[in-house]
Number of protein chains: 2
Amino acid sequence: MTTTLHGAIAEDLRERIRDGRLEVGGLVPSESELCEQWKTSRAPVRQALATLRSEGVISGGRGRRSTVNPNAIGQPFDTLMSYSAWVRSLGRTPGQRTLELALRPADTAAAAVLDIEEGALVVQGLRLRLLDGVPVMLERATYLESVGRLLFDFDSDSGSQWEFLQGRGVEFAAASHTIDAVAADEIDAAQLDVSAGTPLLRQRRTARDPHGVVIEHNDDRYLPTEIAFTLENAPNMRTPLVRRAQPGEKERE
Amino acid sequence: MTTTLHGAIAEDLRERIRDGRLEVGGLVPSESELCEQWKTSRAPVRQALATLRSEGVISGGRGRRSTVNPNAIGQPFDTLMSYSAWVRSLGRTPGQRTLELALRPADTAAAAVLDIEEGALVVQGLRLRLLDGVPVMLERATYLESVGRLLFDFDSDSGSQWEFLQGRGVEFAAASHTIDAVAADEIDAAQLDVSAGTPLLRQRRTARDPHGVVIEHNDDRYLPTEIAFTLENAPNMRTPLVRRAQPGEKERE
């Protein structure tokens, strides 16, 4: 839809950031370089840079060379997969309190999310996640037995299960996320210190190994006063975030 | 993080879908073509295709040529911006009931989201959005006066305000979205036919023109039993969805 020259210049820079040709934290090409590259005068180049600045994609300008903002275009796989990695990327302190790590037969819900037989063994963890010492999220994880068993060797109060599992050779090849809202149940309420029924922001995640086998399912419930998801988009950008109708969701709950 | 050949083949195909070299609905290259391109045997190619199939990015296989799934990698700008365009992309019927379209001085909240002076005129719309005749979302829109005034010429029960405004020359150059959860207030509850306090999935959106000026702010509240947001990701993919800590959110509400 963008047909203006400044729009095309801005979109080209976004694309270079997305695919890594321009590094996060690195310098954006100078106005002169962009004029040379696009065989144009300064006006459209300046407008493209102003647009990216207004979107929060780059910072600087007014005499200083612009730089690519961290998280301007998005976050890498690990900070979306690992709560600890994400909090560290903010320069803040992650924390967790493990409330349970259990080996048990899969109930109907656990069997459905892992796509296994009901009654097969699974490992389930319940952890409260902290941001600078403050509880912000309650995490319910369900692992395929072979993967989850590794966690019994892990001090799960010490950091990222996700990083630990990768260190043990578990390969996370893809993940599907569903984001919606849910009322705090009695467990959420007690741990997050809110009333039952309080709206929570829920992120459910299914992670697969390179063979497409589901190895982990997470149900993470965030205090929406503390955590949100954000997204920047523009014409000519396809975004991986998709709005979906949820027929049958009520029956599955 | 993906260092395997099948992982690289899969990521290359994802990238070709994301940037449009492979069209949504179109054919994925055949196994033979991929073997030729990567100078490899069939095993890694088959594994790459199996991964993409398990992620829902492509369908087919088992003898039939694979095709790229609609919305596999993401949705284009218009289906994320326009509720009507999105519902039509599902092959379902969008609908709306306009409850109010008002010209009024900006209160503190409206002034803050549009980044204008309190008391400046704005246009505010309240619309109930339907999916196949069923209410699923309540939309509160706030427009800059010059843009919003155009809507008084529009039969807002007839379809997409967003498409109408573009037809009148309004250019949407970028948008920022924030997704969280909120308790239904009395207005939400009455219109969406739920009890006050019911958790709703909230998407707030700020849209800018090519000069970076905020021209529209939306506060859309979805029934989470009906609508969710989903996202697929994988190593080596930066995703534009970012998890954010919200310090000060409580004060802003």
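Residues numbered from 1 in each chain as written. Chains lettered and ligands numbered in written order. Predicted model: local features only at pLDDT ≥ 70, side-chain atom pairs only at ≥ 80, totals over all residues. Heavy atoms only, no water.

Per an unreviewed UniProt entry, chain A is named GntR family transcriptional regulator, and its organism is Amycolatopsis ultiminotia.

Q: Residue-level account of the overall build of chain A, with values.
A: Scanning chain A from N- to C-terminus turns up 10 helices and 10 strands. For chain A, the proportion of its 253 residues judged to be buried stands at 55%. When the accessible surface of chain A is totalled, it reaches about 10600 Å², and 49% of it is carbon and sulfur. (Helix = DSSP H or I, 4+ residues; strand = E, 2+ residues; numbered from the N terminus. Buried < 20%, exposed > 50% of the residue type's maximum accessible area, 1.4 Å probe, protein only. Areas by Shrake-Rupley, 256 points an atom, 1.4 Å probe, with all protein chains shown as cover.)

Q: Which residues make up the packing of aromatic side chains, and what are the values?
A: Residue and element names in this part refer to chain A. One pass over the structure, following the stated rule, counts eight aromatic pairs over all chains. Seen in terms of ring centroids, Trp162 and Phe172 are 5.5 Å apart; in terms of plane orientation they differ by 45 degrees. Their pairing is tilted. Of the two residues, Trp162 is situated in helix α8 (residues 161-167) and Phe172 in the loop between α8 and β6 (174-183); the sequence distance between them amounts to 10 residues. Relative accessible area serves as the criterion here: at 6%, Trp162 is assigned to the buried category. Seen in terms of ring centroids, Tyr222 and Phe229 are 6.0 Å apart; in terms of plane orientation they differ by 90 degrees. Their pairing is edge-to-face. In this structure Tyr222 comes out as buried when scored by relative accessible area, which is 0%. A relative accessible area of 1% places Phe229 in the buried class. (Phe/Tyr/Trp six-rings, centres within 6.5 Å; stacked < 30°, edge-to-face > 60°.)

Q: Now, about the environment of Leu223 of chain A: what can you tell me, with residues and values included?
A: Looking at the secondary structure, you find Leu223 of chain A in the loop between β8 (214-222) and β9 (227-233). Beyond its immediate sequence surroundings of up to four residues, Leu223 of chain A is in contact with Pro135, Val136, Leu192, Val194 and Leu200 of chain A. (Contact = heavy atoms within 4.5 Å.)

Q: Before we move on, can you summarise the nonpolar core with the specific residues and values?
A: Ile179 and Leu201 of chain A together with Ile179 and Leu201 of chain B are the most contacted members of the largest nonpolar core, which has 31 residues in total. Among residues more than four places away in sequence, those in contact with Ile179 of chain B are Ile179, Leu201, Ala228, Phe229 and Leu241 of chain A together with Leu201, Arg202, Gln203 and Phe229 of chain B. (Core = buried A, V, L, I, M, F, W, Y, C linked by side-chain atoms within 4.5 Å.)

Q: Got a sec to walk through the pattern of salt bridges? Specific residues and values, please.
A: All names here are of chain A. Tallied over the full model, the rule gives 42 salt bridges over all chains. Across the salt bridge formed by Arg88 and Glu163, the nearest N and O atoms sit 2.8 Å from each other. In this pair, Arg88 sits in helix α5 (residues 83-89) while Glu163 sits in helix α8, placing the two residues 75 residues apart along the sequence. Arg168 is paired through a salt bridge with Asp153; the nearest N and O atoms lie 3.7 Å apart. (Salt bridge = Lys/Arg side-chain N within 4 Å of Asp/Glu carboxyl O.)

Q: Can you tell me about the pairing of β8 of chain A, naming the residues and giving the values?
A: Remark: a regular strand shows side chains that alternate across the two faces of the sheet. Residues and elements named next belong to chain A. Where burial is concerned, most of β8 is hidden: nine out of the nine residues are buried. Bridging between strand β5 (residues 134-144) and β8 involves seven bridges; their strand directions are antiparallel. If you follow Leu138 over to β8, its bridge partner there is Arg221. From the end of strand β7 (residues 199-208) to the start of β8, which pair antiparallel, there are five residues, and Gly212 there has a positive phi angle of about 85 degrees. (Pairing = 2+ DSSP bridges.)

Q: Account for the environment of Leu126 of chain A, naming residues and giving values.
A: All names here are of chain A. Residue placement: Leu126 occurs in strand β4 (residues 121-131). Note on Leu126: relative accessible area 15%, which makes it buried. Put simply, Leu126 and Leu138 are 12 residues apart on the chain and 7.3 Å apart in space, counted from C-alpha to C-alpha. Discounting residues that sit within four places of it in the chain, Leu126 has contacts with Arg97, Thr98, Leu99, Glu100, Leu138, Glu139, Arg140 and Ile187.

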